[in-house]
Amino acid sequence: MIERLEVRNFQSLHHVELELGSFTAIVGPSSSGKSALTRALRVLIENQRGNSFISHGERISTITATTSAGTVTLQRGKGVDDNSYTVIPNDPAHPLAPQQKFTKLGGETPVEVSKFLGINPKDPIAFASQF
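What counts and how
Residues numbered from 1 in each chain as written. Predicted model: local features only at pLDDT ≥ 70, side-chain atom pairs only at ≥ 80, totals over all residues. Heavy atoms only, no water. Helix = DSSP H or I, 4+ residues; strand = E, 2+ residues; numbered from the N terminus. Rg over C-alpha atoms; globule rule 2.2 N^0.38 Å. Buried < 20%, exposed > 50% of the residue type's maximum accessible area, 1.4 Å probe, protein only. Contact = heavy atoms within 4.5 Å. Areas by Shrake-Rupley, 256 points an atom, 1.4 Å probe, with all protein chains shown as cover. Lys, Arg positive; Asp, Glu negative; His and termini not counted. Charge placed at Lys NZ, Arg CZ, Asp CG, Glu CD. Pairing = 2+ DSSP bridges. Expected span 1.5 Å × (residues − 1). 1 Å grid on protein atoms, 1.4 Å probe; cavity = no way out; pocket = protein on both sides within 12 Å on 5 of 7 lines; lining within 4 Å. Points joined across faces, edges and corners; volume = space filled by probe spheres on them. Nonpolar A, V, L, I, M, F, W, Y, C, P; charged D, E, K, R; others polar.

Undergrad: I would appreciate a short explanation of the overall build of the chain in the present structure.
TA: If you tally the helices and strands in the chain, you get two helices and six strands. In the chain, the succession of α and β elements from N to C terminus is β-β-α-β-β-β-β-α. On C-alpha atoms alone, the chain measures out to a radius of gyration of 14 Å, which is about the 14 Å that the 2.2 N^0.38 rule sets for 131 residues. The 131 residues of the chain split such that 36% are buried. Here the analysis covers contacts within the chain between residues at least 6 apart in sequence; of these, 45% occur between residues at least 24 apart. Of the roughly 7800 Å² of accessible surface on the chain, 51% is carried by carbon and sulfur atoms. The average position of the 13 basic charges and that of the 12 acidic charges among the side chains of the chain differ by 7 Å.

Undergrad: What exactly am I supposed to notice about the pairing of strand S3 (residues 60-67) here?
TA: Consecutive side chains along a regular strand alternate between the two faces of the sheet. By the criterion of burial, S3 is predominantly enclosed, with seven of the eight residues buried. Looking at chain direction, strand S1 (residues 4-10) and S3 are connected through five bridges and run antiparallel. Looking at S3, one finds that arginine 4 is bridged to threonine 66. Of the pairings in the sheet, the one linking S3 to strand S4 (residues 70-77) comprises eight bridges and is antiparallel in character.

Undergrad: Help me understand helix H1 (residues 34-46) in this model?
TA: Since there are 3.6 residues in each turn of an α-helix, residues three or four apart along the chain are aligned in direction. Helix length check: H1 (13 residues) gives 18 Å between terminal C-alpha atoms against 18 Å at 1.5 Å per residue, within 8%. In the stretch just after H1, asparagine 47 is the one whose phi turns positive, near 55 degrees.

Undergrad: Any chance you could explain the layout of surface pockets here in plain terms?
TA: The method is simple in principle: a probe with the dimensions of a water molecule rolls over the atoms, and the space it marks as empty is what remains. Of the pockets and cavities examined, the second largest pocket occupies roughly 210 Å³. In terms of lining residues, the second largest pocket is bounded by Asn47, Arg49, Gly50, Arg76, Val80, Asp81, Asn83, Thr103, Lys104, Leu105, Gly106 and Gly107. Here the residues of the lining of the second largest pocket are counted per class, giving two nonpolar, six polar and four charged.

Put into structure tokens, the structure is as follows:
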């Protein structure tokens, strides 16, 4: 389960940190970033391609999920070598320890990332939103 989410330079979200529980409701006024936060989580899980969601004037966007097993960060940038997943397990005996970086993404979420997050991007996930 994702316990914490940190988003930097993603659409209107310049820096947001959010603690998540087993059930978390995101509420707020119009244009406060609720949909952007939902899209950021979806981009992390599904490895959606492109850099159009990077905040205006920024070169790199990062989405970091923290679980009980460690952290996963997706970095998207406007440069050729700016796109990667980095997995940092808490357990030094984990096969991906001390950290593993995945750079050849090809539009798919690396299997190791999906297993680490405990979320299969091909499973149906209900991302409720206004759109």
